[in-house]
Amino acid sequence: MKSMIDNREKLANYQGLLPPVQQSRLEAMTKLSQHWSPQWSGDQNEELYEVHGWPTTMVVDLGNRTCTCRFWQLTGMPCMHAISCIQDKNDKRAEDYCHEWLTMESYRKTYAFHVNPVKGQELWEKTGRPAPVPAPIKPKPGRPTKNRRKDKDEGGSGSKTRMKRKYNPIRCMFCSEVGHNKRTCQKKKQADAEEEARLMQLQLALTNPNTDVPNELPTDADGATLHNPLPLSVSPPPKRSNAATETTPVCFTALTSISFHYSCLVSQFGVYYVMQAKMRGRPPKVQVCKGKGKRAASPHSAPPTAIAPISAGTIRGSSAATTKKLASFMIFVPTPGFKRPRKKDDAI
């Protein structure tokens, strides 16, 4: 009711043959008609025209108000081809060739009526008939659609205000190439492999003693393992001019040679196992013991072993800490928390 009154009062004092909206559309068509050149066919009423332009030629009949593009027949407003012919004939304005439904007279007739006021629902007349009930809604199978079905010529479902997100192409942070990332980069894998090989060579060069060192590992040390260590031979030290050195017992020399050989062998195998762990990648899973293996087993006392005899001349010039280490050098010390294998749990 309010919109009817607003639209009628809005154009009450408007002077024109067409409403403002239709007038703006007609002016747009008039501007486009400049690109077309009409040619009169020579009929008596001067109504048939042949309009030349791009991309083709159109035929306009001003008497029947038709055009080959069918815009005039569908909308009731002259198209750009018809407006060029009307301007060439110069007998009427383009507004005179519009359909009567588009004129201000039809607009005023549309809003000449008014809507009667309606009283509230509490004041409606009550009858004994049942109240109207809406028809039952039967849901269709499947997920309900949110958008309406659109025709083929309506285009996509995107809007001007909401746009789809566009992601930048993937670029590698290592080689700056497009198409892959740092995790799958072949150049990075090759560089890591070369760096790992260089580090391995460096570690092996550090662990292998020089040829100038007198105490050197045997030539067959490559075949030794941690479980089957290479038997080390005890060689006498080189002779020196110092008289105090000549009186040193052979036992101290043997212990020194054994400790040096053992440290070199352990360091070499330690580097080997570290590099093997890097090449393997993920370490193996820890085996979980169940049943009797969970109970704490007290460490067993080590069997009595004979103490290696150390001469007084060896300990004479050393400190207290060195003397204590040398005294217990060949004594077997069990690992704290030692447990026997599970197959012998019943015998414990």
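What counts, and at which threshold
- Residues numbered from 1 in each chain as written.
- Predicted model: local features only at pLDDT ≥ 70, side-chain atom pairs only at ≥ 80, totals over all residues.
- Heavy atoms only, no water.
- Helix = DSSP H or I, 4+ residues; strand = E, 2+ residues; numbered from the N terminus.
- Buried < 20%, exposed > 50% of the residue type's maximum accessible area, 1.4 Å probe, protein only.
- UniProt positions renumbered as here; feature names shortened; annotations may be inferred.
- Salt bridge = Lys/Arg side-chain N within 4 Å of Asp/Glu carboxyl O.
- Axes fitted to C-alpha atoms, helices over the stretch in contact; angles between N-to-C directions.
- Parallel < 35°, antiparallel > 145°, perpendicular 65-115°, else oblique.
- Contact = heavy atoms within 4.5 Å.
- Nonpolar A, V, L, I, M, F, W, Y, C, P; charged D, E, K, R; others polar.
- Phe/Tyr/Trp six-rings, centres within 6.5 Å; stacked < 30°, edge-to-face > 60°.
- pLDDT = per-residue confidence, 0-100.
- Pairing = 2+ DSSP bridges.

The chain has the name SWIM-type domain-containing protein in an unreviewed UniProt entry, where Arachis hypogaea is given as its organism.

Peer 1: How do you make sense of unusual backbone geometry when you look at a structure like this?
Peer 2: Among all residues save glycine, negative phi is the norm, and among peptide bonds the norm is trans. The linkage connecting W54 with the following residue, P55, adopts the cis geometry, with an omega of 15 degrees. Summarising the element assignment, P55 is placed in the loop between β2 (48-52) and β3 (58-61). Phi is positive for R65, close to 55 degrees, though the residue is something other than glycine. Tracing the chain through its elements places R65 in the loop between β3 and β4 (66-67). When its relative accessible area of 33% is taken as the criterion, R65 is described as partly exposed. Its identity as a non-glycine residue notwithstanding, R70 has a phi of 65 degrees, on the positive side. Mapped onto the elements, R70 comes out in the loop between β4 and α3 (71-75). Relative accessible area serves as the criterion here: at 48%, R70 is assigned to the partly exposed category.

Peer 1: When you look at the UniProt feature "domain: SWIM-type" (unreviewed entry) in the chain in this model, what are you seeing that I'm missing?
Peer 2: Per the UniProt record, "domain: SWIM-type" (unreviewed entry) is found at residues 56-90. Between the first and last C-alpha atoms of residues 56-90 the distance is 24 Å; the span itself is 43% helix and 17% strand.

Peer 1: Mind showing me how you'd approach the pattern of salt bridges here?
Peer 2: Oppositely charged side chains are able to pair whenever their charged atoms sit close together. Summed over all chains, the structure comprises 6 salt bridges. Between K2 and D6 there is a salt bridge whose closest N-O contact spans 2.9 Å. One end of the pair is K2 and the other is D6, both in helix α1 (residues 2-10) and 4 residues apart, which spans about a single turn. We classify K2 as exposed; its relative accessible area is 62%. Salt-bridge contacts for K89 lead to D91; the nearest nitrogen and oxygen are separated by 3.4 Å. The exposure class of D91 is partly exposed, given its relative accessible area of 42%.

Peer 1: What am I meant to see in the packing of helix α2 (residues 20-32) against helix α4 (residues 80-89) here?
Peer 2: Axes are the key here: two packed helices are described by the angle between their axes and the distance separating the axes. Close contact between α2 and α4 brings their axes to 8 Å; oriented N to C, the two are set at 75 degrees. Compared by their axis directions, α2 and α4 come out roughly perpendicular. Side by side, α2 and α4 meet where L26, M29, T30 and L32 of the first sit next to M80, I83 and Q87 of the second. For the contact of α2 with α4, the per-class residue count stands at 5 nonpolar, 2 polar and no charged.

Peer 1: Teacher, can you tell me more about the packing of aromatic side chains here?
Peer 2: With the rule as written, the count across this model stands at 2 aromatic pairs. Between W72 and Y97, the ring centres sit 6.2 Å apart and the planes meet at 65 degrees, which makes this aromatic pair edge-to-face. Here Y97 lies in the loop between α4 and α5 (104-110) and W72 lies in helix α3, a separation of 25 residues in the sequence. For W72, a relative accessible area of 3% corresponds to the buried category.

Peer 1: So what exactly am I meant to see when it comes to the confidence of the model for the chain here?
Peer 2: In regions of low pLDDT, the predicted coordinates are not meant to be interpreted in detail. Put simply, the chain has an average pLDDT of 75, and 59% of its residues get 70 or more. In the predicted structure, residues 211-237 sits below a pLDDT of 50 and forms 34 contacts with residues beyond four places in sequence or in another chain. In the model, residues 240-259 has pLDDT below 50 throughout and makes 20 contacts with residues more than four positions away in sequence or in other chains.

Peer 1: Could you clarify how one ought to interpret the sheet that holds β3 in this entry?
Peer 2: Each strand in a sheet pairs with another by means of backbone hydrogen bonds, the pair being arranged parallel or else antiparallel. In space, the 4 strands of this open sheet follow the order β1-β2-β3-β4, with antiparallel pairing throughout. Unpaired on one side and paired on the other, β1 (37-40) and β4 mark the two borders of the sheet. Across 4 bridges, the pairing between β1 and β2 is antiparallel. Bridge pairing in β2 places S37 opposite H52. Packing of α4 onto the sheet brings it into contact with β1, β2, β3 and β4, and relative to β2 it is tilted by some 120 degrees.

Peer 1: Can you walk me through the environment of A112 in this structure?
Peer 2: One can find A112 in the loop between α5 and α6 (186-207). Through-space distance from the C-alpha of A112 to that of R8 is 7.3 Å; in sequence the pair is 104 residues apart.

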